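Summary of structural features
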Amino acid sequence: MENREKLVIRSRAIFTADEKYPTLLDGYIVIDDGKITKIESGDLPQTSFAPENEVLDVGEDLVLPGFVDPHTHLVHGGSRELELDMKLAGKSYMEIHEIGGIRSTVQATRSMNEEELYNKAKASLDRMLTFGTTTVEAKSGYGLDKETEIRCLEVGQRLNREHPADVVGTYMGAHALPPESTANTKGYVEFMLTEVMPEIKERKLAEFCDIFCEEGIFDIETSRYYMQKAKEMGFLLKAHADEIVPLGGAELAAEMGAVSAEHLMAISDRGIEMLAESGTVAVLLPATTFFLMADKYAPARKMLAAGVKVALATDYNPGSSPTENIQVAMSHACFGMGMQPEDILHAVTINAAHAIKRERTAGSISIGKNADILITDVKSPAELIYRFGVNHIVRVYKRGRLAAEQGRVCYE
Ligand SMILES: [Zn+2]
């Protein structure tokens, strides 16, 4: 922040995502040294126009906390547009999985060196930033061998250091069985637990670990065993649960005290109850449902009515959701799942921050948090959702610095 003390942002419609303030605050925010130091209602006092302050009055334009995308597979090689023909011929995700699917991405990822993976992921992270995402979770899971999994997590950490967006690492070796051990689930699980995860823990390459708990991938018993061991090692837990069949993954995530359960298109009523009781965040991925041409979205409204904390994410990945734009997930949350605009905004801000344990520093416009702030070109949450398919983010501030403007990154 060159030559100035503070940044002051004034708007008639600030969605803070902080319960202490009205849903849409008519007021201003003061940012000092990258943090939010003051939030007030009403007009700017004369003192805010001191020469050292930069004052930005956006009139009636909606101001938001930076979006948090709590489920992405950011670092990977390759692209899978060749599967589009198979999709259009009616093959399901699991049928494509059988003949290539994840495995083709594994091959592409293994063949790329650190610099190549970094450049590809950085381009995606830049794109996310221009759509308003300032904090991103990044799962590994397209290497499946030790070396590549670690390389992908290292790329995530390097992006976290060098890119304005915050990147939170999740180890997801349990994404699929690697091509070299398709018949040996037990052996692969032991390999992860004894050969890979101690080093990841030791080098602090990931805070979370995640498992694809699904029929034909990792069953409930294997998932429970893996999660228990991972927990003992000090990992925070996540699970890809009940995506295709109601296997009981949500119940298992709640039972294990997981921070989040993700996908949940096929969640049972008991699973919903248990998530509400345990406080496990439901991370819903409606862009994936749309892309898979599935006929059933996750029952978001039922979950909200039951008191489940609902978050939304892109699921950015080459096989089932190749978009970096969280506003796409927000559109499908409304038009596919029937979520209200304000619930959608909570789901991509404070609830998403809870899903990756960043609720103390991100996810709302609150005093003491990082000044991750978005300026939009709309006047209300309803207009933001209603005008779908365009980028509504005009400016992105990350820790008080302008990081993207009019769809282009502009950080140093
Ligand atoms: Zn995923």
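1. What to know about the overall build of the protein chain
In terms of helices and strands, the protein chain carries 15 helices and 17 strands. Since a compact globule built from 412 residues should have a radius of gyration of about 22 Å, the 21 Å found for the protein chain is in line with a globular shape. By its C-alpha atoms, the protein chain is 70 × 45 × 45 Å across when sized along the principal axes. Look at the contacts in the protein chain between residues 6 or more apart in sequence, and 70% of them connect residues 24 or more apart.

2. Focus: helix α4 (residues 114–130)
Across its 17 residues, α4 extends 24 Å between first and last C-alpha, which sits within 8% of the 24 Å expected from 1.5 Å per residue. Within α4 the residues assigned to the buried category are Leu117, Tyr118, Lys120, Ala121, Ser124, Leu125, Met128, Leu129 and Thr130. Tucked inside the fold, the buried residues of α4 contact β6 (67–69), β7 (133–139), α5 (146–162), β15 (393–398), β16 (401–405) and β17 (408–409). Note on α4: the residue one or two positions beyond its end, Gly132, has a positive phi of about 105°.

3. Focus on the packing of α5 against helix α6 (residues 185–202)
At a minimum axis distance of 10 Å, the contact between α5 and α6 shows a crossing angle of 25°. Between α5 and α6, the angle falls in the class roughly parallel. Relative to α6, the crossing made by α5 is right-handed. On α6, the residues touching Lys146, Glu149, Ile150 and Leu153 of α5 are Glu195, Val196, Glu199 and Ile200. Classifying every residue of the contact of α5 with α6 by side-chain character gives 4 nonpolar, no polar and 4 charged.

4. As for the sheet that holds strand β12 (residues 281–284)
Judged by pairing direction, the sheet is parallel, and its 8 strands sit side by side in the order β6-β7-β8-β9-β10-β11-β12-β13 without closing on themselves. Edge positions in the sheet fall to β6 and β13 (310–312), since each has one partner strand and no second. Direction aside, neighbouring strands of the sheet carry axes that sit 25° apart on average. Summarising the sheet, strand β8 (residues 166–174) and strand β9 (residues 208–213) pair through 3 bridges and their orientation is parallel. By the bridge assignment for β9, Thr170 is matched with Phe208.

5. Things to note about the nonpolar core
Counting 132 residues, the largest nonpolar core has Val63, Ala282, Ala311, Leu312, Ala333, Ile344 and Val348 as its most contacted members. Residue contributions to this core reach at least three from each of two domains, namely domain 1 (6–65 + 363–409) and domain 2 (67–355). Among residues more than four places away in sequence, those in contact with Ala311 are Pro70, Val281, Ala282, Val283, Ala347, Asn351, Ala352 and Ala355.

6. Digging into the domain arrangement of the protein chain
What the domain assignment lists for the protein chain is domain 1 (6–65 + 363–409) and domain 2 (67–355). Across the contact, 24 residues belong to domain 1 and 23 residues belong to domain 2. Broken down by element, the side of domain 1 that touches domain 2 gets its largest block of residues, 4 residues, from helix α15 (residues 381–386).

7. Side note on the environment of Glu412
In this fold, Glu412 is placed in the segment after β17. Spatially, the C-alpha atom of Glu412 lies 27 Å from that of Ala352, the residues being 60 residues apart in sequence.

8. Comments concerning the packing of α4 against α5
Contact geometry of α4 with α5 gives a least axis separation of 10 Å together with a crossing angle of 50°. Taken together, the axis directions place α4 and α5 in an arrangement best described as oblique. The two elements α4 and α5 meet at a crossing, and its hand is right-handed. Taken together, the residues of α5 that come into contact with α4 (itself represented by Glu114, Leu117, Tyr118, Ala121, Lys122 and Leu125) are Arg151, Cys152, Glu154, Val155, Arg158 and Leu159. Residues that form the contact of α4 with α5 fall into these classes: 7 nonpolar, no polar and 5 charged.

9. Quick word on the pairing of β9
Of all 6 residues in β9, 6 are buried, a share of seventy percent or more. Where the polypeptide runs from β8 across α6 and back to β9, its parallel neighbour, the crossover connection is right-handed. Sheet topology note: the β9/strand β10 (residues 236–241) ladder contains 6 bridges and is parallel. Note that in β10 the partner of Phe208 across the bridge is Leu236. Taken together, β9, helix α7 (residues 220–232) and β10 form a β-α-β motif whose crossover is right-handed.

10. Comments concerning unusual backbone geometry
In this model, Ala17 sits at a positive phi of 60°, which is unusual for a non-glycine residue. Its location among the elements puts Ala17 in the loop between β1 (6–14) and β2 (25–32). Positive phi values are uncommon outside glycine, yet Met293 reaches one of about 55°. Structurally, Met293 can be placed in the loop between α10 (286–291) and α11 (300–305). A residue is classified by how many C-beta atoms lie within 10 Å of it, and Met293, with 11 of them, is exposed.

The rules behind these values
- Residues numbered from 1 in each chain as written.
- Predicted model: local features only at pLDDT ≥ 70, side-chain atom pairs only at ≥ 80, totals over all residues.
- Helix = DSSP H or I, 4+ residues; strand = E, 2+ residues; numbered from the N terminus.
- Rg over C-alpha atoms; globule rule 2.2 N^0.38 Å.
- Contact = placed C-beta atoms within 7 Å.
- Expected span 1.5 Å × (residues − 1).
- Buried ≥ 20, exposed ≤ 12 C-beta atoms within 10 Å, placed from the backbone.
- Axes fitted to C-alpha atoms, helices over the stretch in contact; angles between N-to-C directions.
- Parallel < 35°, antiparallel > 145°, perpendicular 65-115°, else oblique.
- Left-handed = near helix turned anticlockwise from the far one by under 90°.
- Nonpolar A, V, L, I, M, F, W, Y, C, P; charged D, E, K, R; others polar.
- Pairing = 2+ DSSP bridges.
- Core = buried A, V, L, I, M, F, W, Y, C linked by C-beta atoms within 7 Å.
- Domains from an automatic or database assignment.
- Right-handed = clockwise from strand over helix to strand, strands pointing away.

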